[in-house]
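# Summary of structural features
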Number of protein chains: 2
Amino acid sequence: MKAKVYVTLKKSIADPQGTAIKGMLNKIGFSRVEDVRIGKLIELDLGNVEKENAEAQLTEMCEKLLANTVIEEYRFELEK
Amino acid sequence: MKAKVYVTLKKSIADPQGTAIKGMLNKIGFSRVEDVRIGKLIELDLGNVEKENAEAQLTEMCEKLLANTVIEEYRFELEK
C-alpha cells in the first residue's frame, strides 16, 4: 500500500525559507504573491499491509520520526 | 487564490534522504516499509488572480524557480 504524508510548519511558526521564496517570486515578476510556506511531501510504499493497520503505522511514523510535532503538523492519505 | 505545488524527484534520480528515512523506519519497527521518497510541498497565496491566469503563473513559477526541472517534476492544484 502506498501513502503520502504532508508535513507542514504550524501556522504560528515562522517560515524563513518560504519568506525568501516569496521575496524572489515578487522580484521576478509575480508581484501579487502574498504568502509562501514550504512543507515536506513524503511518499511511502508500506509494503503489504491492511488499510487500518497502515493508518495506525503512519500515525506512529509521523509522531516518532517524520514530523517534529513541536513545530510541525502532518496529515496523510492512503492510495490503492 | 491559494495553490499547492508538489515538487518531487524524477523516478530515475536517486533520493538519499528518502533512503536514509526508509532505513531508519525499518530499524525502529516498520520493517515492511519498502520505499520512501521525499519531495516538497509549497503552499502559495497568489493574491487576487483569476483561475486561468493562476495556472499560467504557477507553471511559470515552477519552471523558473520552484522546481529544478532537470531532476524534479512538479504538479499543482488550485484551491477556492
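Before going into details, it helps to say that this report is about the structure given with it.

Reading the values: the criteria
Residue positions are given per chain, counted from 1 along the sequence in the order it is written. Labels follow written order: the first chain is A, the first ligand is 1, and so on. Side-chain atom pairs in this predicted model are given and counted only at pLDDT of 80 or more, local residue features only at pLDDT of at least 70, and totals for whole chains, interfaces and linings cover all residues. The side-chain figures draw on all heavy atoms in the structure; neither hydrogens nor water molecules are used. It only takes one pair of heavy atoms within 4.5 Å for two residues to be counted as in contact. Buried area counts how much accessible surface, traced with a 1.4 Å probe, disappears from two parts once they are put together, with both parts' losses summed. The salt bridge criterion pairs a side-chain nitrogen of Lys or Arg with a carboxyl oxygen of Asp or Glu, the two atoms within 4 Å. As used in this structure description, the phrase polar contact means that two N or O atoms lie within 3.5 Å; if the pair is within protein, one of them must be able to donate a hydrogen and the other to accept it, and residues adjacent in sequence are counted only when both atoms belong to side chains. Helical segments are the DSSP runs of H or I of at least four residues, strand segments are the runs of E of at least two, and each set is numbered from the N terminus. Just so you know the grouping, Ala, Val, Leu, Ile, Met, Phe, Trp, Tyr, Cys and Pro go in nonpolar, Asp, Glu, Lys and Arg go in charged, and all remaining residues, Gly too, go in polar. Whether two strands pair comes down to DSSP finding at least two bridges between them. Here's how the labels work: a residue is buried when its accessible area is under 20% of the maximum for its type, exposed when over 50%, partly exposed in between, all with a 1.4 Å probe on protein chains only. Helix axes are fitted only over the stretch in contact, all axes being lines through C-alpha atoms; the angle between N-to-C directions runs from 0 to 180 degrees.

This paragraph deals with the interface of chain B and chain A. A common way to express how large an interface is: the accessible area buried when the components associate. Counting residues at the interface gives 33 residues for chain B, matched by 33 residues for chain A. Summed over both partners, the interface of chain B with chain A comes to about 2,900 Å²; 65% of that surface belongs to carbon and sulfur atoms. For the pair chain B and chain A, the number of links is 0 salt bridges. Where chain B packs against chain A, one counts 10 residue pairs in polar contact (both at pLDDT 80 or more). Breaking the side of chain B that touches chain A down by element, the ones donating at least two residues are β1 (2-9), α1 (16-27), β2 (35-45) and α2 (51-66) of chain B. Top contributing element to the side of chain B that touches chain A by residue count: β2 of chain B, with 11 residues. Residues belonging to the side of chain B that touches chain A are distributed by class as follows: 17 nonpolar, 5 polar and 11 charged. Alignment of strand β2 (residues 35-45) of chain A against β2 of chain B, held across 11 bridges, turns out to be antiparallel. Across the sheet, the residue bridging to L44 of chain A is V36 of chain B, located in β2 of chain B.

One pass over the structure, following the stated rule, counts 6 salt bridges over all chains. Between K64 of chain A and E60 of chain A there is a salt bridge, with its nearest N and O atoms 2.8 Å apart. Of the two residues, K64 of chain A and E60 of chain A both sit in helix α2 (residues 51-66), 4 residues apart, roughly one turn of that helix. When its relative accessible area of 36% is taken as the criterion, E60 of chain A is described as partly exposed. Note that K4 of chain B is salt-bridged to E79 of chain B, the shortest N-O span being 3.3 Å. A residue pair is termed long-range when its members are at least 10 positions apart, and K4 of chain B in strand β1 and E79 of chain B in strand β3 (residues 72-79) qualify at 75 residues. Residue class for K4 of chain B comes out buried when judged on its relative accessible area of 15%. By relative accessible area, E79 of chain B is classed as partly exposed at 27%.

Here 6 strands make up an open sheet; going across it, the order is β3(A)-β1(A)-β2(A)-β2(B)-β1(B)-β3(B) and the pairing antiparallel. A single partner strand is all that each edge strand has here, and the edge strands are β3 (72-79) of chain A together with β3 of chain B. Averaged over all neighbouring strand pairs, the angle between strand axes comes to 20 degrees, with direction disregarded. Sheet strands in contact with α1 of chain B are β2 of chain A together with β2 of chain B, and its direction is about 120 degrees off that of β2 of chain B. Where α2 of chain B meets the sheet, its contacts fall on β1, β2 and β3 of chain B, and the angle it forms with β3 of chain B comes to roughly 155 degrees.

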